[in-house]
Amino acid sequence: MRPVTRTLSMMVLLFAFQGAQATSAPSDSQLNAIARMGELNGIALQCRFLDQMRRIKQVLIKNLPKQRALGAWFEEKTHESFMDFMKKDSACPGLIEFDRDLDTAAKQVEEAFSS
């Protein structure tokens, strides 16, 4: 995604949060943690890592507030990752490496939303 488009997407997301009642805008660390999970989900989709896709969704369901904009951000990052993987004709990582990356990303989500 081009920097201008990414900035516009981020602004729209932040305005959506600010317009919601009793909802505060997500922090950069929260958005980054969700984006990382979306990136991993896009790879998991490409590589057919079904158990890991389930785990990603479980981590998000457990830790994120139930806000449509957060889910939309995750889906956008998943789509970007999925398309980037295809465009670059990337090779699937090994499961051990992927699980290690997923463990790290899950901890980041938990830390970002633990308040």
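The coordinates are above.
What counts as what
Residues numbered from 1 in each chain as written. Predicted model: local features only at pLDDT ≥ 70, side-chain atom pairs only at ≥ 80, totals over all residues. Heavy atoms only, no water. Salt bridge = Lys/Arg side-chain N within 4 Å of Asp/Glu carboxyl O. Helix = DSSP H or I, 4+ residues; strand = E, 2+ residues; numbered from the N terminus. Buried < 20%, exposed > 50% of the residue type's maximum accessible area, 1.4 Å probe, protein only. Axes fitted to C-alpha atoms, helices over the stretch in contact; angles between N-to-C directions. Parallel < 35°, antiparallel > 145°, perpendicular 65-115°, else oblique. Left-handed = near helix turned anticlockwise from the far one by under 90°. Contact = heavy atoms within 4.5 Å. Nonpolar A, V, L, I, M, F, W, Y, C, P; charged D, E, K, R; others polar. Disulfide = S-S within 2.5 Å.

**Q** Where do I start with the pattern of salt bridges in this structure?
**A** Any two side chains of opposite charge can pair, on the condition that their charged atoms come close. In this structure the tally under the stated criterion is six salt bridges. Its salt-bridge partner being Glu 39, residue Arg 36 comes within 3.0 Å of it at the nearest N-O pair. With a gap of three residues between them, Arg 36 and Glu 39 both fall in helix α2 (residues 28-47), about one helical turn apart. Asp 101 is the partner of Arg 36 in a salt bridge, and the nearest nitrogen-oxygen pair spans 3.9 Å. You can see Arg 36 sitting in helix α2 and its partner Asp 101 sitting in helix α5 (residues 95-112), a full 65 residues away along the chain. A residue is classified by how much of its surface remains accessible, and Arg 36, at 22% relative accessible area, is partly exposed. Each of Arg 36, Glu 39 and Asp 101 takes part in one network of salt bridges that share partners.

**Q** It is not clear to me how the packing of α2 against helix α4 (residues 68-87) should be interpreted in this structure. Could you clarify?
**A** A packed helix pair is summarised by two numbers, namely the angle formed by the two axes and the spacing between the axes. Interhelical geometry of α2 versus α4 gives an angle of 45° and a closest axis separation of 7 Å. Our classification of the angle between α2 and α4 gives oblique. When you trace α2 past α4, the crossing you get is right-handed. Taking contact as the criterion, the partners of Leu 31, Ile 34, Ala 35, Met 37, Gly 38, Glu 39, Asn 41, Gly 42, Ile 43, Leu 45, Gln 46 and Cys 47 in α2 are, on α4, Leu 70, Trp 73, Phe 74, Lys 77, Thr 78, Ser 81, Phe 82, Phe 85 and Met 86. In the contact of α2 with α4, the residues fall into 13 nonpolar, six polar and two charged.

**Q** Teacher, can you tell me more about the state of the cysteines here?
**A** One pass over the structure, following the stated rule, counts one disulfide. Paired through a disulfide, Cys 47 and Cys 92 show a sulfur-sulfur distance of 2.1 Å. Across the disulfide from Cys 47 to Cys 92, rotation about the S-S bond amounts to roughly -105°, and the bridge is consequently left-handed. Of the two residues, Cys 47 sits in helix α2 while Cys 92 sits in the loop between α4 and α5, which places them 45 residues apart along the sequence. For Cys 47, a relative accessible area of 11% translates into the label buried.

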